[in-house]
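The primary structure of each chain is shown beneath.
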Amino acid sequence: MKNERKTENIVREELRELEYYEATKDIQVDEQKSNIDAVKRLLKMASKSGKGGQGSPEFIVSSPSNPDFLLVIECKASVKDHASKAIDDWIEGKVVTETAENQFKRIAKFAVDGALHYAQRLSKEFNVIAVAISGEAKKGALISTYLHTKGADRPKILRAKDGGVLDSIIPWADYIEHATFDPTVQRLRFDELMDFSRELHEFMRDYAKLTEYEKPLLVSGTLIALRNKPFAISFDAESPEDLQRTWLTVIQTEIGKANIPQAKKENMAQPYSSIAVHPELGKATASYPRGILHELIKRLNEKVWPFISLYHDFDVVGQFYGEFLKYTGGDKKALGIVLTPRHITELFALLANVNKDNRVLDICAGTGGFLISAMHQMVKTAVTDAERTKIKQRGLIGVEQQPNMFALAASNMILRGDGKANLYQGSCLDSAIAGAIKKHMCDVGMLNPPFSQSDVDQHELRFVKHMMDSLKKGGIGLAITPMSCAISPHPARDELMKHHTLEAVMTMPDELFYPVGVITCVMVFTAHVPHSLSDKKTWFGYWKNDGFTKTKHRGRVDLDRRWPAIRDRWVEMFRNREVHAGESVLQKVGPADEWCAEAYIETDYARIPASVFSETVTSYASWNLKRPVPLTAPDLNGASKKWKNFCLDDLFEIKKGKRLTKANMTTGKTPFIGAIDNNNGVTGYVSHAPLHPAGTITVNYNGAGVAEAFYQPVPYRCSDDVNVLYPKFSMTAKVAMFISSIIRLEKYRFSYGRKWHLERMLKSEIRLPATTNGEPDLKMMENYIDLLPFGVQVT
């Protein structure tokens, strides 16, 4: 007789051996229950029997250090009961057809099915690592590991960072590491971090009264302070009056640990001094009796520190800085402050092909984004600790003039273990600093110069030339500049080519720096080899599409996860100087010529997509449909006795749409209906399977487009801001058009404050023409639509 208790004992022994039960670890192992309120709520009615009882996984593992993760383990005694055949189909997105009774029998019988059943329930609020183990002995036991990311439709197999199979129970930290580097988890955590930055901005605005430049300083200073473990543990016990002083003291202590001149330490620490005496931060309020600063530290400790401690290649401070600047009408543009997007700093490091032996220079370092991305790529090539130490101590050189920005860059390097020793505070054009950075013999330069400076000596190309002059001979320099630098005459162009070789210029996406409106290009030079001496063609790339989409609240984001493939193709094209019609070209140029691909690439006529012609015809047809046409159809009197009130619940079965977050959307062919007032409600097309059939009506119950109704002629999905009306009668497209128009007459009743939710809609009535039998007069509705322009074409 097989005994599942033996399998559970195997798990307990493994967890104990891997120190899950150690008192010094902040790991909580629960069996068949959890003290986490969200877990208890999500597992309510989640019994594997399907009869509505509480769900009780064999093991639930959690940790306060990783509050968005859970580990769920399910056991079965027999390896024959490890996994059903349905699991592979489900993970691959295939439809699993079975009755509810058979589904719950399967879930109860198989270890994998049971683990994924619980993971699906818990994934509404957590990233869930689901482990299934079957067998009564450690030797010969089967173990499968899955990851169900928060909000995802289905799980995936969790693999090690190197792509290997996880077929054993491993330490908690290893589970988190492997899951953390899953692209979906990274994207979710990034999205949550950005949501938090907006929340933090509002909190600072309402309670802390900080300026837009003080906000990122508070963030960076607090993150530095949280590196100090005694402070991270004890800040909770500080009084509001003492906490500000302690906060600054700890920052000064952490900066003081750096093996750098005292003057640099003072430059790093000075901007934080004003925060430490800010009058609002030390105040205790009714809502925050421990003070505003305490609340800010607590939130950053909970939301940001776990992120930055894992993702060392991510410029968290710079990201917050950019987010905060979005909410102000400040002088970011006047100062030329246009922070480089993270995927572009990553691209620069790949184009330069940096490795452990390079020395990388950024003479306008900002928050240190280029240096962080370069360090991440360089460390990948390091094998020994000595090589990694050399990168951080000698491989990264930066200059930043603004004191606040310098402090942010220094904090960024401190948060990554080192690198701050070679940061200089002051103008890169200062002769003393210029001489100092040349001594570093840097062989890679990366630059995003101040944009649109009125001073002729501060022109973007002056900074580019200064960077190139600062590199050693043969070094590679990359700069992202306004397109005007590539196409407009300027003496600096002559100077650059006189001393350096223009290797390549790439045209970048139009809205790369959104919301700042600047069109840019990337220039690549080889240092101290005159262009005329090189006597070579320059490579021009047309890189207009990086796969990013502009969104209302999050800026430009890689919604469809296209960037990695686009990035890799761009890098390969650049390294090999590939020439493709419509994409790239080799061309000899001089200082007076245009330095952009658009001037030289050939139009690609090899394959002209049918969509080019279709768009032209569609545009004409759309205009033709909307142009004024005299109406011959009469107005209708819906108050006449020939019309009757009908309850929507009598006419339709009404269902609520299902949420699909943008983070989980991928482009496909299924229409996705959102709460908008145009385009038949279609906000995009997704790869997910349709959930609703053709021949139904969608009605927005929420948002600006509340009560907008649209007939859907093909299968589709819709958001949870939309209700779906399934007709209980034979509804043609023309009848649906008539009824949708009538539904829109009810729009005035509803708003964002008074939603037309399911309960209200079930009770709502509309008036329709009726037959003598009191039924909806479907024929009259069809005939009326036929009288309208294009009505006969409705099918």
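Let me begin by describing the structure that accompanies this report. (Residues numbered from 1 in each chain as written. Predicted model: local features only at pLDDT ≥ 70, side-chain atom pairs only at ≥ 80, totals over all residues. Heavy atoms only, no water.)

## Re the pattern of salt bridges
How we decide: The term salt bridge refers to a side-chain nitrogen of Lys or Arg lying within 4 Å of a carboxyl oxygen of Asp or Glu. Secondary structure elements are taken from DSSP: a helix is a run of H or I of four residues or more, a strand is a run of E of two residues or more, and numbering for both begins at the N terminus. Burial classification: accessible surface area is computed with a 1.4 Å probe over protein chains only, and a residue below 20% of its type maximum counts as buried, one above 50% as exposed, and the rest as partly exposed.
Considering all chains together, one arrives at 43 salt bridges under this definition. One salt bridge connects Lys298 with Glu295, and the closest N-O pair in it is separated by 4.0 Å. Note that Lys298 and Glu295 are positioned in helix H12 (residues 292-303) at a spacing of 3 residues, about one turn of the helix. Residue classification places Lys298 among the partly exposed positions, given a relative accessible area of 27%. In this structure, the salt-bridge partner of Arg388 is Asp385, at a minimum N-O distance of 2.9 Å. With a gap of 3 residues between them, Arg388 and Asp385 both fall in helix H17 (residues 385-394), about one helical turn apart. Arg388 gets classed as partly exposed once you look at its relative accessible area, which sits at 27%.

## Some points on the nonpolar core
Using the following cut-off: Only buried residues count toward a nonpolar core. Its members are Ala, Val, Leu, Ile, Met, Phe, Trp, Tyr and Cys residues joined through side-chain atoms within 4.5 Å. Contact criterion: two residues are considered in contact whenever any of their non-hydrogen atoms come within 4.5 Å of each other.
By size, the foremost hydrophobic cluster in this structure holds 91 residues, and its most contacted members are Trp247, Met446, Met506, Met508 and Trp543. Residue contacts for Met508: discarding those within four places in its chain leaves Ile344, Leu347, Ile480, Thr520, Cys521, Val522, Trp543, Lys544 and Trp570. Residues Leu447, Leu461, Ala479 and Cys485 belong to the second largest nonpolar core, which totals 36 residues.

## Points about the environment of Val383
Topologically, Val383 is positioned in the loop between helix H16 (369-381) and H17. Under the relative-accessibility criterion, Val383 is labelled exposed at 64%. Expressed as a C-alpha distance, the spacing of Val383 and Thr211, which sit 172 residues apart in the sequence, is 44 Å.

## Observations regarding a nonpolar patch on the surface
Here is the rule: Patch membership requires over 30% relative accessible area and the absence of a salt bridge. Like charges are linked within 9 Å, and nonpolar side chains (Val, Leu, Ile, Met, Phe, Trp, Tyr) within 5 Å. Calculation of accessible area relied on Shrake-Rupley with a 1.4 Å probe; when residues are assessed, cover is drawn exclusively from the protein chains displayed.
Side chains of Tyr605, Ile608, Val612 and Phe613 sit close together on the surface and give an oily, nonpolar patch of about 450 Å² of accessible area. The topology assignment puts Tyr605 in the loop between strand E17 (584-587) and helix H25 (610-626).

## Thoughts on the environment of Arg569
Rule in force here: Polar contacts, as counted here, are pairs of nitrogen or oxygen atoms within 3.5 Å of one another; within protein the pair requires one atom able to donate a hydrogen and one able to accept it, and residues that are adjacent in sequence qualify only if both atoms are side-chain atoms.
Considering the arrangement of structural elements, one finds Arg569 in helix H24 (residues 563-576). In this structure Arg569 comes out as partly exposed when scored by relative accessible area, which is 35%. Side chain to side chain, Arg569 and Glu583 meet in a polar contact 2.7 Å long.

## A closer look at the pairing of strand E13 (residues 520-526)
Just so we agree on the cut-off: Two strands make a pair as long as DSSP finds a minimum of two bridges between them.
Burial of E13 is extensive: 7 of the 7 residues sit out of reach of the surface. Burial along E13 is two-sided: the face carrying Thr520, Val522, Val524 and Thr526 and the face carrying Cys521, Met523 and Phe525 are both buried. For strand E11 (residues 476-482) and E13, the ladder comprises 7 bridges, and the chain directions are antiparallel. By the bridge assignment, Leu478 is partnered in E13 with Val524.

## Overview of the environment of Ala592
Along the chain, Ala592 falls in the loop between E17 and H25. A relative accessible area of 78% means that Ala592 is categorised as exposed. Between the C-alpha atoms of Ala592 and Ile487, which are 105 residues apart in sequence, the distance is 8.6 Å.

## Describing unusual backbone geometry
At Glu19, a residue that is not glycine, the phi angle is positive and equals roughly 70°. Structurally, the position occupied by Glu19 is in the loop between helix H1 (4-17) and strand E1 (28-30). The backbone of Asn679 sits at a positive phi, close to 55°, despite the residue not being glycine. Structurally, Asn679 can be placed in the loop between strand E20 (667-673) and strand E21 (682-686).

## Brief notes about the side chain of Arg717
The topology assignment puts Arg717 in strand E24 (residues 717-718). Here the side chain of Arg717 touches Ala689 through a polar contact of 3.1 Å, landing on its backbone oxygen.

## Considering the packing of aromatic side chains
How two aromatic rings sit relative to each other is set out by the distance from centre to centre and by the angle between their planes. Formally: Only rings of Phe, Tyr and Trp enter the pairing, Trp through its six-membered ring, and a pair is recorded when the two centres are within 6.5 Å. The plane angle decides the type: under 30 degrees is stacked, over 60 is edge-to-face, the rest tilted. Only when the NZ atom of a Lys or the CZ atom of an Arg is both within 6 Å of the ring centre and within 35 degrees of the ring normal do we say a charge sits over the ring.
Evaluation of the coordinates by the stated rule reveals 18 aromatic pairs. The interplanar angle of 70° and the centroid separation of 6.2 Å between the aromatic rings of Phe548 and Trp563 together place this pair among those described as edge-to-face. One end of the pair, Phe548, is in the loop between strand E14 (538-542) and strand E15 (549-551); the other, Trp563, is in helix H24, and 15 residues separate them in sequence. In terms of burial, Phe548 and Trp563 fall into one category: buried. Relative to Trp623, the ring of Tyr620 lies with its centre 5.7 Å away and its plane at 40°, an arrangement referred to as tilted. Placement of both Tyr620 and Trp623 in helix H25 is noted, with a separation of 3 residues, approximately one turn of the helix. Through a chain of ring-to-ring contacts, the aromatic side chains of Trp539, Trp543, Phe548, Trp563, Trp570 and Phe574 assemble into a single cluster. Taking the ring centre of Phe110 as reference, the NZ or CZ of Lys109 above it sits at 5.5 Å. Directly above the aromatic system of Trp595 lies the positively charged group of Arg493, at a separation of 4.2 Å from the ring centroid.

Note that all results are geometric; they support no functional claim without further evidence.
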